[in-house]
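Remarks on the overall topology
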Amino acid sequence: MTEPGAITARAMLAFLLATWPRRVVLSLVLLVPVVVAAVGGFGPADPPPREVEPGTVTDTGAYRVVPRSFFVSETVDAGSLEEGERWVGARVQITNQGTQPISVTFDDPTFELPADVPNDGSPNPYEVLRVDTGARLGSAQPGVTYEVALLWRTTGLQDPPAELTLTMNQSAWTEWNIEAGYHTWRATADAFYVHLPRGEAPASILEEEDE
Amino acid sequence: MSGSTSEGAQDRTGSTSEGAQDRTGTSEGSQDRSSSTSEQSQGRRAGEGVHVRRGRWAAAAMLAAAVAAGAAANAIDANFLASGWHTVQRGEEASDITVDNFQVHVHGAATSTQLEDLEVVTSPGAFVVVDLSYATTDAWDTPEEVVLIDEAGREFSEPSGFGSAGRVWPAGPDIWSRGSLLFEVPADVGDLALELRPQTPDARLPSRVLRVPLTVRTNSEPLTLERPSVLAEGDR
């Protein structure tokens, strides 16, 4: 049995609703969701992707990227192709802005092929080759500017279009949730897209012809 | 026997008097109630200062203290990763240094924009080749990670596509071998230090790494990579 004078929920409510000014103030609390909705706070979470021009520098968080062109080829020296598959590549210039090397094929969410290009792997590149040496890039060292070809294998694009849309996701250097002390580039909701013109595959990454 | 009976009587007397006191306490309680009722009605009229028992204040204070302690622990945990057992051992060039199960002797480093690797390759940044020898203390082993660190704290690891000559190699117990390690760094990099990690540091385990500041010679000629070779006893 609660004693008279004790503070109960009922007593608090009676206190808050005791006078008209207090009732008016309390009703304003009910208007808070209305105000938030009017300001646009309940809008969709992902902002729409922004278009960038090829040849211009884009800061995607992990990289400064200059997208150049795309190509389709069957003779790139990056592994074997199945029957009916071909390589689709994007020529870009990338500079790692972080403090640690980024393994471009393993844990990098930045570059994505458009969804309408059939690709049985992940949307991130299958392989990345350096244009200057023709070898795998492996890890992009911080501060070094590389000209690379991002490669995917596809069964489509038999008749390559004049333009291909490459998506570049904005990424942030975030700490792991599970273990403290580790960081990784994680994709945020922001993204850029660029219409790449069709070009030629760089000669340095093509298979050498057997004499 | 008699003594206990008298004590018992005393007990009863004591308890009876206490009981009387209790009853007096009850009357005090009723006084509290009457006083609190009047104060409460006063509080309602004044609109502030509701009378709260002391016990509730104490509970609220303890709750606030518990929340504050939790928040402080979170802040410390987030900002100061528990790594009291990660040691960075500082070393110098041209001396033997022991880190974990490795004995290391760094000779020096050279940098150039070109590397001779079958053909001459020009880097978008610069190549750095580190000349060092190492041995282990107990069994054949290869260091798990060797990186370059610049003044800004950026790390540079082994580049791909340059063959196996510029990579870490296995060394034996007191069997020293000398070789070169290749790195590719941006052209604007400042002072570099070599960090040799026998095991890749894990936040959950003790680890020891060696850091040696490098004096880097600038070469105008393309750099070459030496394959690792075993040294004669006493040589470094």
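Reading the values: the criteria
Residues numbered from 1 in each chain as written. Chains lettered and ligands numbered in written order. Predicted model: local features only at pLDDT ≥ 70, side-chain atom pairs only at ≥ 80, totals over all residues. Heavy atoms only, no water. Salt bridge = Lys/Arg side-chain N within 4 Å of Asp/Glu carboxyl O. Buried < 20%, exposed > 50% of the residue type's maximum accessible area, 1.4 Å probe, protein only. Helix = DSSP H or I, 4+ residues; strand = E, 2+ residues; numbered from the N terminus. Contact = heavy atoms within 4.5 Å. Polar contact = N/O pair within 3.5 Å; in protein donor to acceptor, adjacent residues only side chain to side chain. Nonpolar A, V, L, I, M, F, W, Y, C, P; charged D, E, K, R; others polar. Pairing = 2+ DSSP bridges. Domains from an automatic or database assignment.

**A look at the pattern of salt bridges**
- Taken as a whole, this structure holds 16 salt bridges over all chains when the rule is applied.
- For A:Arg130, the salt bridge identified is with A:Asp132, shortest N-O distance 3.0 Å.
- Since its relative accessible area comes to 1%, A:Arg130 is described here as buried.
- Owing to a relative accessible area of 39%, A:Asp132 belongs among the partly exposed residues under this scheme.
- A salt bridge links A:Arg130 to B:Glu184, with the shortest nitrogen-to-oxygen separation between them at 2.9 Å. Here B:Glu184 lies in strand β7 (residues 177-185) and A:Arg130 lies in strand β7 (residues 127-130), a pairing that spans two chains. For the residue pair A:Arg130 and B:Glu184, the accessibility class agrees, reading buried in each case.
- When salt bridges that share partners are traced, they join B:Glu145, B:Glu155, B:Glu195, B:Arg197 and B:Arg211 into one network.

**Regarding the side chain of A:Gln141**
- Tracing the backbone shows A:Gln141 in the loop between β8 (139-140) and β9 (145-154).
- For A:Gln141, the residues in contact, after removing those within four places along its chain, are A:Asn96, A:Pro101, A:Tyr146, B:Glu155, B:Phe156, B:Ser157, B:Glu158, B:Pro159 and B:Glu184.

**Some details on the interface of chain A and chain B**
- The interface of chain A with chain B comprises 29 residues on the first partner and 30 residues on the second.
- At the junction of chain A and chain B, the tally comes to 1 salt bridge.
- Where chain A packs against chain B, one counts 4 residue pairs in polar contact (both at pLDDT 80 or more).
- Here the residues of the side of chain A that touches chain B sort into 12 nonpolar, 11 polar and 6 charged.

**Some words on the sheet that holds strand β1 (residues 50-52) of chain A**
Residue and element names in this part refer to chain A.
- If you walk across this open sheet you meet the 4 strands as β1-β11-β10-β6, and the pairing is mixed. The open sheet has two free edges, formed respectively by β1 and β6 (111-112), since each of these has just one partner strand.
- Relative to strand β11 (residues 183-197), strand β10 (residues 163-175) runs antiparallel, the two sharing 12 bridges. Bridged to Ser171 within β11 is Ala187.

**Points about the domain arrangement of chain A**
- Considered domain by domain, chain A is made up of domain 1 (9-39) and domain 2 (50-205).
- Taking only C-alpha atoms, the centre of domain 1 of chain A and the centre of domain 2 of chain A are 54 Å apart.

**Observations concerning the side chain of A:Ser73**
Residue and element names in this part refer to chain A.
- Within the secondary structure, Ser73 sits in strand β3 (residues 63-73).
- Since its relative accessible area comes to 9%, Ser73 is described here as buried.
- Among the polar contacts listed, one links the side chain of Ser73 to the backbone nitrogen of Thr75, at a separation of 3.0 Å.
- Those residues within four positions of Ser73 in sequence are excluded, and the remaining contacts are Arg86, Trp87, Ala201 and Leu206.

**Some points on the pairing of strand β9 (residues 207-213) of chain B**
All names here are of chain B.
- As judged from the 5 bridges shared by strand β1 (residues 86-90) and β9, these two strands associate in the parallel manner. Bridging across to β9, Thr87 finds its partner in Arg208.
- In this structure, strand β8 (residues 192-197) lies alongside β9, joined through 4 bridges in antiparallel fashion. Looking at β9, one finds that Leu196 is bridged to Leu210.

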